[in-house]
Structure formats: C-alpha cells, structure tokens
Amino acid sequence: MRAPREHGALFSAPMVRAVLAEVEPKTQTRRILTRSNSVLDYDGGPLKKWPGLDFEGRIRSDYPRAFSADAPPMHGPTGVVSLCVFASDLPGYKPGERTVHRIYPRVRPGDRLWGRETYGYRGTSSHWDSGVRRPFDEVFVEYICDGAKRTIQRPPDDCPGLPQQRDRREGESYEDWNDYLDRWWKRSTPAIFMPRWASRITLEVTDVRVERVQSISDADIRAEGVTVEAVRELLGNNIADTTPSALWRMGWCAINGQDSWDRNDWVWAYTFRRVA
C-alpha cells in the first residue's frame, strides 16, 4: 500500500466558503475523470497508452458498458474503486474482445487535498499598516473570497510559486516604479497559480467513488455545499427552480459547461473532512 499523498484542488469562491462554513460544511467534491487525476490498469499507468480512452484530456463518457467495481484486479491497487471499460468498446480492438481495462483515481482514501483559491500576496519590507511598520520578514496572504488574511514568514526569493515583482527599469522614475509596486502588492492571483505554502485549506479524503454526474442524490448535493446563494453567485441572476437537482445542474454547468452535463460525464466523487 502506498503512502498518503497530497494533491492540489481548485475551489471557486462559493465552494471555499462552503468548506469553511461552521454549520453543515461542504464535505464532498466531484471532478471529471481526466488524465491528470486518473491512472490505468496499474498504479501509474499512462492513459495516453490506450487509443480511444479519452478526448481532450477527459475520460470518454460514451462507453455503453462501463461500470464501477471495488474488486481488486490482478495487477492494480487493492481496495480502490475503479471504472471498468471493455476493450471491445475502444477503437482498435476486435469486436467481442473480453479484456477489461480499469481506470483508478490518483486521489485515494487517506490522501489529502489542499485547496487552491484566488489570493493576494501582500506586504513589503517597508509596508505600513495603521501606522505600524511590518518587520522585513513578515508578509501575509489575503484570500479574496472573504477577505481573510494570514500572516506568514516571508518566503525566500526562490520559493516555488512565489510571485515576483520586476526590478526598476532603466530610466524609470522612482515615482512610477513605486506606483507599479503599489499596484503589484494589491493584485490578485488566480487560484490555478496558488502554491502549497499559501493554502489555508487541507482536507483528508475519507472515501472515493466513481459515478455519473447526474447520479448524485439530494443528500450528496447538500454535502457538496450547493445552495441557492452559491448558485446565484455563480450565475449572477435570479433562480426560478430551487430544487436540489436543479441547483446541482445549474451549478455544474456554470463551472464545467453544458456539454459535460449533456454527456453525463463520469466523475470521481471525493468525500473528505477538513483538518486545516
């Protein structure tokens, strides 16, 4: 059995707030099967090895006989759910081929997800806050979705993921350069670029399932943190149908696109508990 691993996971602003909620927090997340979050037939198998298995990096959703299974294969990780696909449903194989390929999640129970969200890297060696000068090595991370701030030790200049400001250009006045620095320290960085050291969310995965996106139950929709307020924030308009299934469909389409819903994509359904 392999040692637990950490994986970055993108979260939108409404979902970050759902994870951090004191009452009925978000405890599930679903992600479309892709090359980056799946392995094939054995621990580490490259999906690109198999023709017709995916399109645009996503696992195909139109296999007529695909099914999920918990039984361990001969050469795969034990006790891990998998999506089973018949080779005869893949291009390049003979009709009636009885081989079954298994697609496994990279994220397993016991692994940890660290949340990636939009953030700002704040502070300078001469930063003043309410008349108090911050020490040279003190900076903070601001989380844009709720304005929360966390003071951290100033990372070294070669720290992975550290935003880098440019040097003063030749001929540039100090006034213009200071204006640039002021804007630089106030900018926001998209969630995809958040490094591990800036994250405030750590989640321990307790269960992984594979299912169709439309197969979710009302209880799981609540566990996903889907609310009228969260979906309204994503869509930016009023919502007529507020049933759990309608909210789930609208929220999913807003993030993953209508095509994903229409295909009824296969997804990894992760259940987790927050540890930080």
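Residues numbered from 1 in each chain as written. Predicted model: local features only at pLDDT ≥ 70, side-chain atom pairs only at ≥ 80, totals over all residues. Heavy atoms only, no water.

K.L.:
Outline the overall build of the chain, supporting the account with residue identities and numerical values.
P.N.:
Along the chain, the regular secondary structure elements total six helices and 16 strands. For the chain, the proportion of its 276 residues judged to be buried stands at 45%. Considering only contacts within the chain whose residues lie at least 6 apart along the sequence, 66% involve residues at least 24 apart. Summing over all exposed atoms, the chain offers an accessible surface of approximately 15000 Å²; the carbon and sulfur share of this is 50%. (Helix = DSSP H or I, 4+ residues; strand = E, 2+ residues; numbered from the N terminus. Buried < 20%, exposed > 50% of the residue type's maximum accessible area, 1.4 Å probe, protein only. Contact = heavy atoms within 4.5 Å. Areas by Shrake-Rupley, 256 points an atom, 1.4 Å probe, with all protein chains shown as cover.)

K.L.:
Please set out the nonpolar core residue by residue, giving values where relevant.
P.N.:
Counting 29 residues, the largest nonpolar core has Leu33, Leu83, Ile103 and Trp268 as the members making the most contacts within it. Membership of the second largest hydrophobic core comes to 16 residues, among which are Tyr119, Val139, Trp184 and Trp185. (Core = buried A, V, L, I, M, F, W, Y, C linked by side-chain atoms within 4.5 Å.)

K.L.:
Help me get a handle on the packing of aromatic side chains, residues and values and all.
P.N.:
For the coordinates displayed, the defined rule picks out seven aromatic pairs. Their ring planes at 35° and their centres at 5.3 Å tell us that tyrosine 121 and tryptophan 185 sit as a pair that is tilted. Note that tyrosine 121 is positioned in strand E10 (residues 119-122) and tryptophan 185 in helix H2 (residues 174-186), a separation of 64 residues in sequence. Comparing tyrosine 121 with tryptophan 185 shows no difference in burial state: the two are buried. (Phe/Tyr/Trp six-rings, centres within 6.5 Å; stacked < 30°, edge-to-face > 60°.)

K.L.:
Describe helix H1 (residues 13-20), and please don't skip the residues or the numbers.
P.N.:
For H1, a buried count of six out of eight residues is recorded, marking the element as mostly surrounded by other parts of the structure. Looking only at H1, the buried set comprises Pro14, Met15, Val16, Ala18, Val19 and Leu20. Elements in contact with the buried residues of H1: strand E15 (202-212), helix H4 (228-235) and strand E16 (266-274).

K.L.:
Account for the environment of threonine 29, naming residues and giving values.
P.N.:
Tracing the backbone shows threonine 29 in strand E2 (residues 28-32). Beyond its immediate sequence surroundings of up to four residues, threonine 29 is in contact with Phe11, Leu113, Glu224, Trp268, Ala269, Tyr270 and Phe272. Only 3.0 Å separates the side chain of threonine 29 from the side chain of arginine 31, close enough to count as a polar contact. (Polar contact = N/O pair within 3.5 Å; in protein donor to acceptor, adjacent residues only side chain to side chain.)

K.L.:
Give me the sheet that holds E2: which residues, what numbers.
P.N.:
The five strands are arranged E1-E9-E15-E16-E2 in an open sheet whose pairing can be described as mixed. Because the sheet does not close on itself, it has two edges, and the strands there are strand E1 (6-10) and E2. Averaged over all pairs of adjacent strands, the angle between their axes in this sheet comes to 45°, without regard to strand direction. (Pairing = 2+ DSSP bridges. Axes fitted to C-alpha atoms, helices over the stretch in contact; angles between N-to-C directions.)

K.L.:
Outline the packing of H4 against helix H5 (residues 244-256), supporting the account with residue identities and numerical values.
P.N.:
Where H4 contacts H5, the two axes come as close as 10 Å, and the packing angle between them is 35°. Between H4 and H5 the crossing geometry is left-handed. Contact residues: H4 offers Val228, Val231, Leu234 and Leu235, while H5 offers Leu247, Met250, Gly251, Ala254 and Ile255. Of the residues contributing to the contact of H4 with H5, the split by class is eight nonpolar, one polar and no charged. (Left-handed = near helix turned anticlockwise from the far one by under 90°. Nonpolar A, V, L, I, M, F, W, Y, C, P; charged D, E, K, R; others polar.)

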